[in-house]
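This is what each chain is made of:
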Amino acid sequence: MRDFAYSIDRDYQRVMDFLAQTFDPDLQSSNWFPSRWEYMHYHPYFDKKNADKIRIWEADGDIVAIVHYEMQLGEAYFEFLPGYEFLKEDLFMYALDNLYKTSSEEDKELIAFINESEEDQGLTDMAVTRMFERLEEFPQCMSVFDISDNSLDYSLPEGFSVCSLAVENDLNKVSKVFWRGFNHEGEPDMKQELEDRELMQSAPNFDKRLNMVVKTPDGHYGSYAGIWYEHSRNIAYVEPVATDPDYRRMGLGKAAVLESIKTVHSLYGADKAYVGTAIDFYLSLGFKELYCNWAWKKIY
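All residue numbers refer to position in the chain's written sequence, counted from 1. Reporting of local features is limited, given that this is a predicted model, to residues whose pLDDT is at least 70; pairs of side-chain atoms are given and counted only at 80 or more, and all residues count toward the totals for whole chains, interfaces and linings. In computing side-chain values, all of the structure's heavy atoms are included and hydrogens and water are not.

A. Highlighting helix α3 (residues 88–98). All of the buried residues in α3 are K88, L91, F92, Y94, A95 and L96. Residues count as neighbours in contact if any of their non-hydrogen atoms are within 4.5 Å of one another. Helix and strand assignments come from DSSP, with helices taken as H or I runs of at least 4 residues and strands as E runs of at least 2, each series counted from the N terminus. Buried residues belonging to α3 abut β2 (55–59), β3 (62–68), β4 (75–80), β6 (108–115), α4 (123–129) and β13 (288–299). Burial classes follow relative accessibility: with a 1.4 Å probe on protein chains only, a residue under 20% of its type's maximum area counts as buried, one over 50% as exposed, and anything between as partly exposed.

B. The state of the cysteines, seen in detail. Any cysteine sulfur atom paired with another within 2.5 Å is treated as part of a disulfide. Tallied over the full model, the rule gives one disulfide. For C141, the disulfide goes to C292, at an S-S distance of 2.0 Å. Disulfide C141 to C292: torsion about the S-S bond roughly 85°, handedness right-handed. A residue pair is termed long-range when its members are at least 10 positions apart, and C141 in strand β7 (residues 133–146) and C292 in strand β13 qualify at 151 residues. The burial state of C141 is the same as that of C292; both residues are buried.

C. Local environment of the nonpolar core. In these notes, a set of buried Ala, Val, Leu, Ile, Met, Phe, Trp, Tyr and Cys residues joined through side-chain atoms within 4.5 Å is what counts as a nonpolar core. Judged by nonpolar contacts, the single largest core of 51 residues is most densely connected at W37, F78, F92 and L99. Once you skip the residues sitting within four places of it in the chain, L99 turns out to touch K53, V67, H68, Y69, L73, G74, E75, A76, Y94 and L110. One finds F145, L210, Y229 and L258 within the second-largest nonpolar core, a separate group that totals 26 residues.

D. Broad picture of the pairing of strand β10 (residues 221–230). With ten of its ten residues buried, β10 lies for the most part within the structure. Pairing between strands requires that DSSP locate at least two bridges from one strand to the other. Pairing of strand β9 (residues 212–215) with β10 involves four bridges; the strand directions are antiparallel. Directly across from V214, in β10, lies its bridge partner S223. Between β9 and β10, which follow one another and run antiparallel, lie five residues, and G219 among them has a positive phi close to 95°. Pairing between β10 and strand β11 (residues 235–243): seven bridges, direction antiparallel. By the bridge assignment, Y229 is partnered in β11 with A236. If you look at the hairpin formed by β10 and β11, you'll find four residues sitting between the two strands, and N234 has a positive phi there, around 55°.

E. Region of the structure containing helix α1 (residues 8–22). One fewer than the residue count of a helix, multiplied by 1.5 Å, yields its expected span. Helix length check: α1, at 15 residues, gives a terminal C-alpha distance of 20 Å against a target of 21 Å (1.5 Å per residue), a fit within 8%. Residues D11, Y12, V15, M16, F18, L19 and T22 constitute the buried set of α1. The buried residues of α1 occupy one face: seen down the axis, they fall within an arc of 165°. Counted as exposed and oriented over 90 degrees from the buried face of α1: D9 and Q21. Arc definition: it is the arc formed by the directions from the helix axis to the C-beta atoms.

F. Fine view of the side chain of S223. In this fold, S223 is placed in strand β10. A distance of 3.3 Å separates a polar side-chain atom of S223 from the backbone oxygen of A242. Dropping the residues within four chain positions of it, S223 is found in contact with V177, M212, V213, V214, A242, T243, L252, G253 and A256. Under the rule applied, a polar contact is a pair of N or O atoms within 3.5 Å (in protein, one hydrogen donor and one hydrogen acceptor; residues adjacent in sequence only if both atoms are side-chain atoms).

G. Quick look at the pairing of β9. As paired elements, strand β8 (residues 161–164) and β9 share four bridges and run antiparallel to each other. The partner of V162 across the bridge, within β9, is V214.

H. Representation of the environment of T216 within the structure. Positionally, T216 belongs in the loop between β9 and β10. A relative accessible area of 4% places T216 in the buried class. Placed 37 residues apart in sequence, T216 and W179 show a C-alpha to C-alpha distance of 17 Å. When sequence neighbours within four positions are dropped, the list of residues in contact with T216 reads G159, F160, Y221, G222 and Y247. At 2.3 Å, the side chain of T216 and the side chain of D218 are in polar contact.

I. Quick look at empty space enclosed by the protein. In this analysis a 1.4 Å probe is tested at points of a 1 Å grid over the protein atoms alone, and where it fits but cannot get out there is a cavity; an open set with protein on both sides within 12 Å along at least five of seven lines is a pocket; lining residues have an atom within 4 Å of a point. Grid points are joined across faces, edges and corners, and a volume is the space filled by probe spheres set on the points. All told, the structure shown has two cavities of 30 Å³ or more when counted by the stated rule. Approximately 90 Å³ is the volume attributed to the largest cavity. Lining of the largest cavity is provided by 13 residues; of these, F178, M200, Q201, F206 and Y224 occupy positions nearest its centre. Top contributing element to the lining of the largest cavity by residue count: helix α6 (residues 190–201), with three residues. For the lining of the largest cavity, a count of residues per class yields ten nonpolar, two polar and one charged. Residues are grouped as follows: nonpolar covers Ala, Val, Leu, Ile, Met, Phe, Trp, Tyr, Cys and Pro; charged covers Asp, Glu, Lys and Arg; every other residue, Gly included, is treated as polar.

J. Fine view of the packing of helix α5 (residues 171–181) against α6. Here an axis means a line fitted to C-alpha atoms, over the contact stretch when the element is a helix, while the angle between two N-to-C directions is reported on a 0 to 180 degree scale. Contact geometry of α5 with α6 gives a least axis separation of 9 Å together with a crossing angle of 100°. By the criterion of interaxial angle, the relationship of α5 to α6 is roughly perpendicular. Touching L171, N172, V174, S175, F178 and W179 of α5 are M190, E193, L194, R197, E198, M200 and Q201, all from α6. Residues that form the contact of α5 with α6 fall into these classes: seven nonpolar, three polar and three charged. Between 65 and 115 degrees an angle is taken as roughly perpendicular, under 35 as roughly parallel, over 145 as roughly antiparallel, and anywhere else as oblique.

K. Local environment of the pattern of salt bridges. Here, a salt bridge means any side-chain nitrogen of Lys or Arg that lies within 4 Å of a carboxyl oxygen of Asp or Glu. By the definition in use, this model includes 20 salt bridges. Residue K191 is joined to E195 by a salt bridge in which the shortest nitrogen-to-oxygen separation is 2.9 Å. Here K191 and its partner E195 are both found in helix α6, four residues apart, which amounts to about one turn of the helix. Look at K191 and you get exposed, because its relative accessible area is 59%.

Everything listed here is a matter of geometry and, on its own, says nothing about what the molecule does.
Listed below in structure tokens is the structure:
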């Protein structure tokens with residue numbers, strides 16, 4: 001058994017393979033979706049310069065556990081090969097000592113995301129013992145859309161239409177709907193935004209056919225929905241989704257998401273779609289909440 005610093009060049013695909021073998025989206029204690037790992041690395045907010053603070057545990061040359069942040073230091077996620085849960089304390093203490101961020105007051109701050117089923121499995125007890133506070137308003141939930149149980153029908157206002165990025169991929173319009181859809185203020189730096197969009201679309205498993213935009217009558221993009229196909233389980237993972245505030249409550253987000261699901265089902269036969277939230281928007285489409293990872297925060 002050994003543990004060592006993560007290297008993107010050496011370990012990125014190894015971790016993808018580890019997650020593909022070990023994640024089970026219907027289990028509360030499952031590891032991450034491989035698509036989430038890919039999305040993280042091709043997201044413009046991902047802090048690559050500190051990626052070597054991600055830690056891998058290995059036995060007989062195979063990855064058995066990982067502790068990591070998602071976008072920035074200050075958060076911790078825990079992934080295990082079944083049978084290696086005894087490493088939880090090692091991972092937890094590594095996160096406490098290495099994955100924190102420093103506040104303007106020079107305090108250390110860490111948010112550990114722990115599954116709600118962990119009460120009997122160690123990580124929750126460690127958080128409680130070490131005086132972490134559970135943030136009730138900040139869970140990361142998983143929800144599922146079973147295609148066999150739900151309708152994929154939708155309607156759009158007159159003059160609106162939906163198409164995939166394989167048909168039209170205007171990066172300026174994509175950048176604008178992301179900027180406004182994620183509630184950023186002011187005007188974006190378009191040079192940087194275009195670079196960010198190009199980075200995200202360069203991910204190895206990014207499929208333009210699965211990424212939908214809803215075009216407004218004047219040709220802008222009012223909403224965007226992306227899906228990643230998980231070959232290892234024949235399912236889909238929804239990420240990201242954004243709707244321009246000027247076009248909310250018009251059914252555009254629903255159309256974009258359902259068209260993405262319809263397309264991944266048509267192209268690949270995926271029978272379920274998952275999304276990492278349980279907000280009302282998704283539940284209204286037919287998604288059902290499966291479980292939540294709770295955020296435990298400590299300032300020290």
